[in-house]
Amino acid sequence: MFKNAKLRTKLIGMIVCLLLLVTSTMTVLGLNSLKKAIENEKNNQTTQMVNTGLGVLEHFHKMELDNTLTRQQAQDAAKAAIKAMTYGKDRNDYFW
């Protein structure tokens, strides 16, 4: 195929192939890096949401320990608080 091609044509073909290889390699590496960044952000968000819910539970548990609320009152209040908690762009996602 390339036996009769001029040297200039062969060089241009090799350069184009090399550029395609470099571009595809950079794209794959960039997408892999983006995927890892998205996964890390999702993990951080999940950790923050869990810590928020845990903070609510700890608050009502402390109120029970301080005899401010009975166990049943603390549990009911904690359930109601977590049930009312929302997150997300339009606040349509619920913890419970």
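For every chain, the first residue of the written sequence is number 1, and numbering continues from 1 onward in sequence order. For a predicted model such as this one, the threshold for reporting local features is a pLDDT of at least 70, and the threshold for listing and counting side-chain atom pairs is 80 or more; totals across whole chains, interfaces and linings nevertheless cover every residue. Side-chain calculation: all heavy atoms of the structure are included, whereas hydrogens and water are not.

Undergrad: So what exactly am I meant to see when it comes to unusual backbone geometry here?
TA: The phi angle of most residues is negative, glycine excepted, and most peptide bonds adopt the trans form. One non-glycine residue, N67, lies in the positive phi region at around 60°. Helix numbers and strand numbers start at the N terminus; a helix is a DSSP run of H or I with at least 4 residues, a strand a run of E with at least 2. Relative to the helices and strands, N67 resides in the loop between α1 (7-65) and α2 (71-84). Judged by its relative accessible area of 69%, N67 is exposed. Relative accessible area decides the class of each residue, using a 1.4 Å probe on protein chains only: under 20% of the type maximum gives buried, over 50% gives exposed, and in between gives partly exposed.

Undergrad: So what exactly am I meant to see when it comes to α1 here?
TA: In an α-helix there are 3.6 residues to a turn, and that puts residues three or four apart on one side. The span you would expect from a helix comes to 1.5 Å times its residue count less one. Taking 1.5 Å per residue as the helical rise, α1 with its 59 residues ought to reach 87 Å, and the 86 Å between its terminal C-alpha atoms agrees with that figure. Residues G53, V56, F60, M63 and E64 constitute the buried set of α1. Note on contacts: a residue pair is in contact if any heavy atoms of the two residues lie within 4.5 Å. On its buried side, α1 packs onto α2.

Undergrad: Explain the packing of α1 against α2 here, please?
TA: Each pair of packed helices can be described by the angle between their axes along with the distance between the axes. Every axis corresponds to a line fitted to the C-alpha atoms, with the helix fit spanning only the stretch in contact, and the corresponding angles, defined between N-to-C directions, vary from 0 to 180 degrees. Two elements in contact, α1 and α2, have axes separated by 9 Å at closest approach and are oriented at 160°. Here α1 is positioned roughly antiparallel relative to α2, judged by the angle of their axes. α1 and α2 meet at a crossing whose hand is right-handed. When α1 is examined against α2, the residues G53, V56, L57, F60 and E64 are found in contact with a partner set consisting of R71, A74, A77, A78, A81 and I82. Three residue categories are used. Nonpolar comprises Ala, Val, Leu, Ile, Met, Phe, Trp, Tyr, Cys and Pro, charged comprises Asp, Glu, Lys and Arg, and polar comprises the others, including Gly. Of the residues contributing to the contact of α1 with α2, the split by class is 8 nonpolar, 1 polar and 2 charged. Any angle between 65 and 115 degrees counts as roughly perpendicular, while under 35 counts as roughly parallel, over 145 as roughly antiparallel, and the rest as oblique. Crossing handedness follows the turn of the near helix against the far one: under a right angle anticlockwise gives a left-handed crossing, and clockwise gives a right-handed one.

Undergrad: I would appreciate a short explanation of the nonpolar core in the present structure.
TA: Think of a nonpolar core as a cluster: buried Ala, Val, Leu, Ile, Met, Phe, Trp, Tyr and Cys residues, connected wherever their side-chain atoms sit within 4.5 Å. Core analysis: the largest hydrophobic core is formed by 7 residues, namely V56, F60, M63, A74, A78, I82 and M85. Sorting the residues of this core by element identifies α1 and α2 as the ones contributing at least two each. Every residue in contact with A78, bar those within four places of it in the chain, is listed here: V56, L57 and F60.

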